[in-house]
Amino acid sequence: MEKKGAITLKNINKYYGKNHVLKDLDFEIRPGEFLSLLGPSGCGKTTILRLIAGLEYLDSGEIYMDEDRIDRLEPYKRNLNTVFQNYALFPHMDVYKNIAYGLKAKWLGHKEIDRRVKEAISMVKLEGFEKRQPSQMSGGQKQRVSIARAIVNQAPVLLLDEPLTALDLKLRKEMRFELRRLQKQLGITFIFVTHDQEEAIVMSDRIAVMNGGRIEQVGTPEEIYSHPASQFVAEFIGETNVFEAVAAVDGSELRLRMESGTASALNIKGVSDNEFVNCSVRPDAIRLSETPVEGFNIPGVVSECIFSGSFEKAIIRLVNDKEIKYTRLSGSKIPEPGTKVYVYWDKCDAEIMKTEGHIVHSQIEEVDLSAWNN
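For every chain, the first residue of the written sequence is number 1, and numbering continues from 1 onward in sequence order. Totals for whole chains, interfaces and linings use every residue, but because this is a predicted model, local features are given only for residues with pLDDT of at least 70 and side-chain atom pairs only at 80 or more, for both listing and counting. Neither water nor hydrogens contribute to the side-chain values; these are computed over all heavy atoms in the structure.

### With respect to the sheet that holds strand 17 (residues 311-318)
- One requirement defines pairing of two strands: DSSP has to find at least two bridges between them. Segments assigned H or I by DSSP are reported as helices when at least four residues long, segments assigned E as strands when at least two residues long, and all are numbered from the N terminus. Read from one edge of the open sheet, 5 strands run 15-19-16-17-18, paired in antiparallel fashion. Looking at the sheet topology across the chains shown, the edges are occupied by strand 15 (287-289) and strand 18 (323-329). The average undirected angle you get between the axes of adjacent strands in this sheet is 45°.
- The pairing of strand 17 with strand 18 spans 7 bridges and is antiparallel. Across the sheet, Ile316 pairs through a bridge with Ile324, a residue of strand 18. Structural elements are reduced to axes, namely lines fitted to C-alpha atoms, with helices fitted over the stretch in contact, and the angle between N-to-C directions of any two is expressed from 0 to 180 degrees.

### Overview of the environment of Thr240
- Within the secondary structure, Thr240 is located in the loop between helix 8 (231-236) and strand 11 (241-250).
- Note on classification: 1.4 Å probe, protein chains only; a residue is buried when its accessible area is under 20% of the maximum for its type, exposed when over 50%, partly exposed between these limits. Looking at Thr240, the relative accessible area reads 11%, which means it is buried.
- Between the C-alpha atoms of Thr240 and Gly139, which are 101 residues apart in sequence, the distance is 34 Å.
- Residue contacts follow a heavy-atom distance rule, with two residues in contact if any of their heavy atoms lie within 4.5 Å. Not counting residues up to four positions away in its chain, the partners in contact with Thr240 are Ala234, Glu235, Ser280, Val281, Arg282 and Pro283.
- By the criterion applied in these results, polar contacts are pairs of N or O atoms within 3.5 Å in which, for protein atoms, one can donate a hydrogen and the other can accept it, and in which residues neighboring in sequence qualify only through two side-chain atoms. Side-chain polar atoms of Thr240 contact the side chain of Ser280, separated by 2.6 Å.

### Notes on the pairing of strand 4 (residues 60-65)
- With 5 bridges joining them, strand 1 (residues 7-16) and strand 4 adopt antiparallel strand pairing. Bridging from a neighbouring strand, Asn13 pairs with Ser60 of strand 4.
- Here strand 4 runs beside strand 5 (residues 68-69); their pairing, made up of 2 bridges, is antiparallel. Bridging from a neighbouring strand, Tyr64 pairs with Arg69 of strand 5.
- Count of turn residues in the strand 4/strand 5 antiparallel hairpin: 2 residues, of which Asp66 carries a positive phi of about 55°.

### Re helix 1 (residues 45-53)
- Taken across its 9 residues, helix 1 has 7 buried, putting it largely inside the fold.
- Those residues of helix 1 that fall on the buried side of the exposure criterion are Lys45, Thr47, Ile48, Leu49, Leu51, Ile52 and Ala53.
- Downstream of helix 1 by a residue or two, Gly54 has a phi angle that is positive, lying close to 90°.

### Overview of unusual backbone geometry
- A positive phi angle is found at Trp107, which is not glycine, with a value near 60°.
- Inspection of the secondary structure assignment puts Trp107 in the loop between helix 2 (95-105) and helix 3 (110-123).
- We note that Gln154 has phi near 60°; this positive angle belongs to a residue other than glycine.
- The topology assignment puts Gln154 in the loop between helix 4 (139-151) and strand 7 (157-161).
- Owing to a relative accessible area of 44%, Gln154 belongs among the partly exposed residues under this scheme.

### As for the pattern of salt bridges
- Salt bridges are counted wherever a side-chain nitrogen of Lys or Arg sits within 4 Å of a carboxyl oxygen of Asp or Glu. Enumeration over the complete set of coordinates arrives at 24 salt bridges.
- For Glu56, the salt bridge identified is with Arg50, shortest N-O distance 3.2 Å.
- Lys118 is the salt-bridge partner of Asp114, the closest N and O atoms lying 3.1 Å from each other. A residue pair is termed a helical-turn pair when its members lie 3 or 4 positions apart in one helix, as Asp114 and Lys118 do in helix 3 at 4 residues.
- Because the salt bridges share partners, they merge into one network encompassing Arg172, Arg176, Asp196, Glu198 and Glu199.

### Side note on the side chain of Ser204
- Its place among the elements puts Ser204 in the loop between helix 6 (197-203) and strand 9 (206-211).
- Look at Ser204 and you get buried, because its relative accessible area is 8%.
- Only 2.6 Å separates the side chain of Ser204 from the side chain of Ser36, close enough to count as a polar contact.
- Of the polar contacts made by the side chain of Ser204, one reaches the backbone oxygen of Ala200; its length is 2.6 Å.
- In this view, Ser204 contacts Phe34, Ser36, Arg180 and Pro221; residues no more than four positions away in its chain are not counted.

### Section: the packing of aromatic side chains
- Note on aromatic pairs: the rings of Phe, Tyr and Trp (six-membered ring only in Trp) are paired at centre separations within 6.5 Å, and the planes decide the class, stacked below 30 degrees, edge-to-face beyond 60, tilted for the rest. Using the criterion set out here, one finds 7 aromatic pairs in the structure.
- Arranged with centres 5.4 Å apart and planes meeting at 10°, the rings of Phe232 and Phe236 form a pair that is stacked. Residue Phe232 and its partner Phe236 are located together in helix 8, separated by 4 residues, close to a single helical turn. There is no split in this pair, since Phe232 and Phe236 are both buried.
- Members of the aromatic cluster, joined through ring pairs, are Phe243, Phe296, Tyr344 and Trp345.
- When the NZ atom of lysine or the CZ atom of arginine is within 6 Å of a ring's centre and also within 35 degrees of its normal, the charge is said to sit over that ring. Taking the ring centre of Tyr96 as reference, the NZ or CZ of Lys131 above it sits at 5.9 Å.
- Seen from the ring of Tyr225, Arg282 lies directly overhead, with NZ or CZ sitting 4.0 Å from the centre.

### Regarding the packing of helix 4 against helix 5 (residues 169-186)
- The geometry of helix 4 relative to helix 5 is characterised by a closest axis approach of 11 Å and an angle of 15° between their N-to-C directions. By the angle between their directions, the pair helix 4 and helix 5 is classed as roughly parallel. With respect to the hand of their crossing, helix 4 and helix 5 are arranged in right-handed fashion. From helix 4, Gly140, Gln143, Arg144, Ile147 and Ile151 reach across to helix 5, where they touch Leu171, Met175, Glu178, Leu179, Leu182 and Leu186.
- Residues are grouped as follows: Ala, Val, Leu, Ile, Met, Phe, Trp, Tyr, Cys and Pro are nonpolar; Asp, Glu, Lys and Arg are charged; every other residue, Gly included, is polar. Here the contact of helix 4 with helix 5 is built from residues that sort into 7 nonpolar, 2 polar and 2 charged. To sort the angles, those under 35 degrees are grouped as roughly parallel, those over 145 as roughly antiparallel, those from 65 to 115 as roughly perpendicular, and the leftovers as oblique. Crossing handedness: left-handed means the near helix sits turned counterclockwise from the far one by under a right angle, and right-handed means the same turn made clockwise.

### Some details on the packing of helix 2 against helix 3
- Contact geometry of helix 2 with helix 3 gives a least axis separation of 10 Å together with a crossing angle of 130°. By the angle class used here, helix 2 and helix 3 are oblique. In the packing of helix 2 onto helix 3, the handedness of the crossing is right-handed. Facing helix 2, whose interface residues are Tyr96, Ile99, Ala100, Leu103 and Lys104, helix 3 presents Ile113, Asp114, Arg116, Val117, Ala120 and Ile121.
- Here the contact of helix 2 with helix 3 is built from residues that sort into 8 nonpolar, no polar and 3 charged.

Here it is, written out as structure tokens:
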């Protein structure tokens, strides 16, 4: 049996007055996947959710669920449900009645309603809370009721608008795994809006990274983290070090000339001679040496060391005063502040990206490192 719950957005545009919120958006959400819409505030991710739900109207474009166009339908006619950040529970109804409300509106029989409500309560692990009022429950418990009320309708798509934001950190981390478990158990499509990178990486099958009303990249968490398509994605998903450089092609490799020295990387993206590029290297991929490494000459000084639980971090100040981050597991040997080091990396760990127009190219000049190296 073919799985239902695919959502397709075609040439979506949305304006609020003169503000162009969504710009020619095209992408498909696969049936049964956990997809996160990730981006900073104001990038348009919640607007997408509201357009799919029918809470906002399109200015242009089309939205489909499977083969059916839904953007012209009233919200109650779309076969999907929404979980809101503020829970939106009926304060005068107990847990059982809150969950059963939507089923009663569909005029289902008492036995069917009772079966579905008990099943939903079991899924969100709230057995024994059936008669509890929302005012008597914690934030996490109320969010579970909100989720149960949505899944009890057995719709193929569930929209989640930053549902964990109001919870404390410990509970948020617990709920991430609960939502993931629930999505796998139900096998339905989850479309999850968040601005929390860790949340998206931990929970998602795929992530759509948004910026300024456009989707910068769609991919698995590993693809997004390890192979960012743009400087914005590289810097927004976790920490990274971005080096601005002029590239010279040397067979399958690139020689990078930077303000801070010279380096090497693999030419996977088909970069041309004398092309300006951004080179992204994650802090855990940075390596340090007491002497220059072949293909690299990036001197620096350890300016600060930071203990952060399971990780230890160091800040390296380069010769052009640029600071980069270096990360290792706690217990690893980190050079003391003031130590002179040379920065390098495995060539396959550098992600090369086209520049985004904000680099002052004339500033990328090779620095005289002779005094430093001597």
